[in-house]
Amino acid sequence: MIYLLRLLEEEKRSPEELKALKKRLISFGLQREYGLPIKDVEASSTGSLYLRNHEEIHLSTTHTKGLLGVSLSSCPVGIDAEYRRPGDLFVEKRILGEKEDYWYQRMQNKDEALLKYFTLKEAYGKALGTGLSYDFRNTGFYFGENGIESDLKEAQFYFLDYCEEFIISVCFLCRKRRLNSLEIVKFILP
């Protein structure tokens, strides 16, 4: 299940308030789906969150300007969201593999394409539990008529169509896992 919290006027919120909101969103999901308290959530040495004594439940979070997201799943999961903005040459060189760069250079909307590549790769890193510490250039994504294609056969990827301001990607590390629109819970906080 995926929980998204749209934050209007985020600039008025302190880092402590944002952290508390993320904690409440995690708490809501854990209680709703599993009847578990937030006290079971801990951070690993890499900073990824997990549920103590509940290895069967996987957790991932994301935060970008104006949005908090949480995903809970029975298989390893990663979620990443980015606010739409112009691309960055540093990011481009750091994340694109050779084949991806070939296709990227031919795309009409490079800014959107770069954010899609980045969110897919970061979601994959979160699902692995490594975050940004793996070499993004070792994964390949291609945008075809059938959606997202990847050379990562053990993973399933999705873009969430939430609102035009964000690109949101989700990765499940199990091929049988499918995502449907009923699994996305959305909130708006003024």
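Located above this text is the structure these notes cover.
Notes on the structure follow.

Calculation rules
Residues numbered from 1 in each chain as written. Predicted model: local features only at pLDDT ≥ 70, side-chain atom pairs only at ≥ 80, totals over all residues. Heavy atoms only, no water. Pairing = 2+ DSSP bridges. Helix = DSSP H or I, 4+ residues; strand = E, 2+ residues; numbered from the N terminus. Axes fitted to C-alpha atoms, helices over the stretch in contact; angles between N-to-C directions. Core = buried A, V, L, I, M, F, W, Y, C linked by side-chain atoms within 4.5 Å. Buried < 20%, exposed > 50% of the residue type's maximum accessible area, 1.4 Å probe, protein only. Contact = heavy atoms within 4.5 Å. Disulfide = S-S within 2.5 Å. 1 Å grid on protein atoms, 1.4 Å probe; cavity = no way out; pocket = protein on both sides within 12 Å on 5 of 7 lines; lining within 4 Å. Points joined across faces, edges and corners; volume = space filled by probe spheres on them.

The strand order across the open sheet built from three strands is β6-β10-β9, with neighbouring strands paired in antiparallel fashion. In the strand order of this sheet, the two ends are held by β6 (77-83) and β9 (156-160), each with one partner. Averaged over all neighbouring strand pairs, the angle between strand axes comes to 15°, with direction disregarded. Sheet topology note: the β9/strand β10 (residues 166-172) ladder contains five bridges and is antiparallel.

For the rest of this paragraph, the subject is the nonpolar core. Residues I95, Y124, F141, F157 and C171 are the most contacted members of the largest nonpolar core, which totals 19 residues. When residues no more than four places from it in sequence are discounted, the contact partners of I95 are E100, L114, Y117, F118, K121, F136 and R137. In terms of nonpolar packing, the next biggest core, distinct from the first, is built from 18 residues, L25, L51, L68 and L72 among them.

Take the state of the cysteines next. Within the structure shown, the criterion is met by one disulfide. Here C75 pairs with C174 through a disulfide, and the sulfurs are 2.4 Å apart. The sign of the -55° torsion about the S-S bond sets the C75-C174 disulfide as left-handed. In this pair, C75 sits in the loop between β5 (67-73) and β6 while C174 sits in the loop between β10 and β11 (184-189), placing the two residues 99 residues apart along the sequence. What makes C75 buried here is its relative accessible area of 7%.

Let us look at unusual backbone geometry. The backbone of N53 shows a phi angle near 65°, a positive value even though the residue is not glycine. Summarising the element assignment, N53 is placed in the loop between β3 (49-51) and β4 (58-64). The class for N53 is exposed, based on a relative accessible area of 58%.

As a further point, take the layout of surface pockets. The gaps left among the atoms become clear once a water-sized probe is rolled over them. When its volume is computed, the largest pocket comes out at roughly 460 Å³. Taken together, 24 residues form the lining of the largest pocket, with S48, L49, L59, K126 and G129 sitting closest to its centre. When residues of the lining of the largest pocket are traced back to their parent elements, those giving at least two are β3, β4 and α4 (110-128). The volume enclosed by the second largest pocket comes to roughly 190 Å³. Taken together, K19, A20, K22, K23, I26, I38, V41, E42, A43 and L49 make up the full set of residues lining the second largest pocket. Looking at the lining of the second largest pocket, the elements that each hand over two or more residues are α1 (15-34) and β2 (41-43). Considering every element that reaches the lining of the second largest pocket, the biggest residue donor is α1, with five residues.

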